[in-house]
Amino acid sequence: MERRRQDDDTRDRMREKIVGEATKLLAAGGRDAVSTRAVATAAGTQAPTIYRLFGDKDGLLAALLDHGFTAYLEAKPPVDPDADPLVELRDGWDLHLDFGLTNPALFALMYGEPRSTPRPAAAEAGIEILRDRVRALATTGRLAVPEDLAVQMIHAAGSGLVLAMLAVPADQRDPQLSDAMFSALVAAITTDDVAPTLDGPVPAANALRAQLADLDVLTPGERQVLDEWLARITGQ
């Protein structure tokens, strides 16, 4: 048992070292620099070790993705229930932009390539944080579109912004682009008034739907039926 534990520890350390060296190669030379031979040399091992630990190059890239999303998730602060939801949303927007511009090759691997495999668990956790922020906004009655649509719009706009900026030399990037895009996004997903309001059926339905889990006066079955009705109102 002790020998097996030592073997597992050695295996984990080697995986961590290989992913660390692959991350450095990715940052220095982009995806093409992450060859099994180059990574093995940098990690002080042989290519068969990479195949044994990761399966193939795609497995190594998948490990890089998981590493990137984990680092990104660790930088995200938890949702503050007492903060203004729009301020929280802007903080998350700025963090997303800063992470992408600081880690261009890693960000391109994380968000710039189509993939058919599920997102890493850390990536899903990041989306859940965004979903919590959107729900907090819906609770105030200021969300003008369905929650799922708002999440997709924010995610698409934020990632598209970073990729567009990375495609331009740093000294040619418009410093006003991020502010302009965020303002346009907020205008598209929220009601006109900044103060909490329930102007019209969609914001009101969004607000009530966001608080369904706290409605203890209803049974689970009643909450489910009400959720279906509210989803129909919001267009989901």
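The structure under discussion appears in the preceding block.
Quick summary incoming for the structure in this document.

Conventions used here
Residues numbered from 1 in each chain as written. Predicted model: local features only at pLDDT ≥ 70, side-chain atom pairs only at ≥ 80, totals over all residues. Heavy atoms only, no water. Helix = DSSP H or I, 4+ residues; strand = E, 2+ residues; numbered from the N terminus. Expected span 1.5 Å × (residues − 1). Buried < 20%, exposed > 50% of the residue type's maximum accessible area, 1.4 Å probe, protein only. 1 Å grid on protein atoms, 1.4 Å probe; cavity = no way out; pocket = protein on both sides within 12 Å on 5 of 7 lines; lining within 4 Å. Points joined across faces, edges and corners; volume = space filled by probe spheres on them. Nonpolar A, V, L, I, M, F, W, Y, C, P; charged D, E, K, R; others polar. Salt bridge = Lys/Arg side-chain N within 4 Å of Asp/Glu carboxyl O. Phe/Tyr/Trp six-rings, centres within 6.5 Å; stacked < 30°, edge-to-face > 60°.

### Considerations on the environment of Ala105
Point 1. Within the fold, Ala105 resides in helix α6 (residues 104–111).
Point 2. Here the alpha-carbon distance between Ala105 and Val186, two residues 81 residues apart in the chain, equals 28 Å.

### Regarding helix α8 (residues 147–166)
Point 1. Its 20 residues place the ends of α8 29 Å apart at the C-alpha level, agreeing with the 28 Å of an ideal helix rising 1.5 Å per residue.
Point 2. Within α8, the full set of buried residues consists of Glu147, Ala150, Val151, Ile154, Ala157, Gly158, Ser159, Leu161, Val162 and Met165.

### Let's talk about the layout of surface pockets
Point 1. Its volume calculated, the largest pocket comes out at about 280 Å³.
Point 2. Forming the boundary of the largest pocket are 13 residues, of which Asp58, Leu61, Leu65, Arg115 and Thr117 lie nearest the centre.
Point 3. The leading source of residues in the lining of the largest pocket is helix α4 (residues 57–75), at four residues.
Point 4. When grouped by side-chain class, the residues that make up the lining of the largest pocket number seven nonpolar, two polar and four charged.

### What about the pattern of salt bridges?
Pairing between side chains becomes possible if they bear opposite charge and their charged atoms approach one another.
Point 1. In total, this model carries nine salt bridges according to the counting rule given.
Point 2. Of the charged contacts, one joins Glu21 and Lys24 as a salt bridge, the two residues approaching to 3.6 Å between their closest N and O atoms. Taken as a pair, Glu21 and Lys24 lie in helix α1 (residues 2–29) at a separation of three residues, close to a single helical turn.
Point 3. Between Arg119 and Glu124 there is a salt bridge; the shortest N-O distance is 3.1 Å.
Point 4. You can call Arg119 partly exposed: its relative accessible area is 37%.
Point 5. Judged by its relative accessible area of 33%, Glu124 is partly exposed.
Point 6. One network of salt bridges, with partners in common, ties together Arg90, Asp94 and Asp179.

### Some words on the packing of aromatic side chains
Point 1. This structure, assessed with the given rule, holds four aromatic pairs.
Point 2. For the pair Phe107 and Tyr111, a centre-to-centre distance of 4.5 Å together with 35° between the ring planes defines the contact as tilted. Of the two residues, Phe107 and Tyr111 are both situated in helix α6; the distance of four residues between them amounts to about one turn of the helix. Of the two residues, Phe107 and Tyr111, neither departs from the other in class, the shared state being buried.
Point 3. A connected cluster of aromatic rings, assembled from ring pairs, spans Phe69, Phe107 and Tyr111.

### Quick word on the environment of Pro169
Point 1. Inspection of the secondary structure puts Pro169 in the loop between α8 and α9 (177–189).
Point 2. Here the alpha-carbon distance between Pro169 and Leu208, two residues 39 residues apart in the chain, equals 46 Å.

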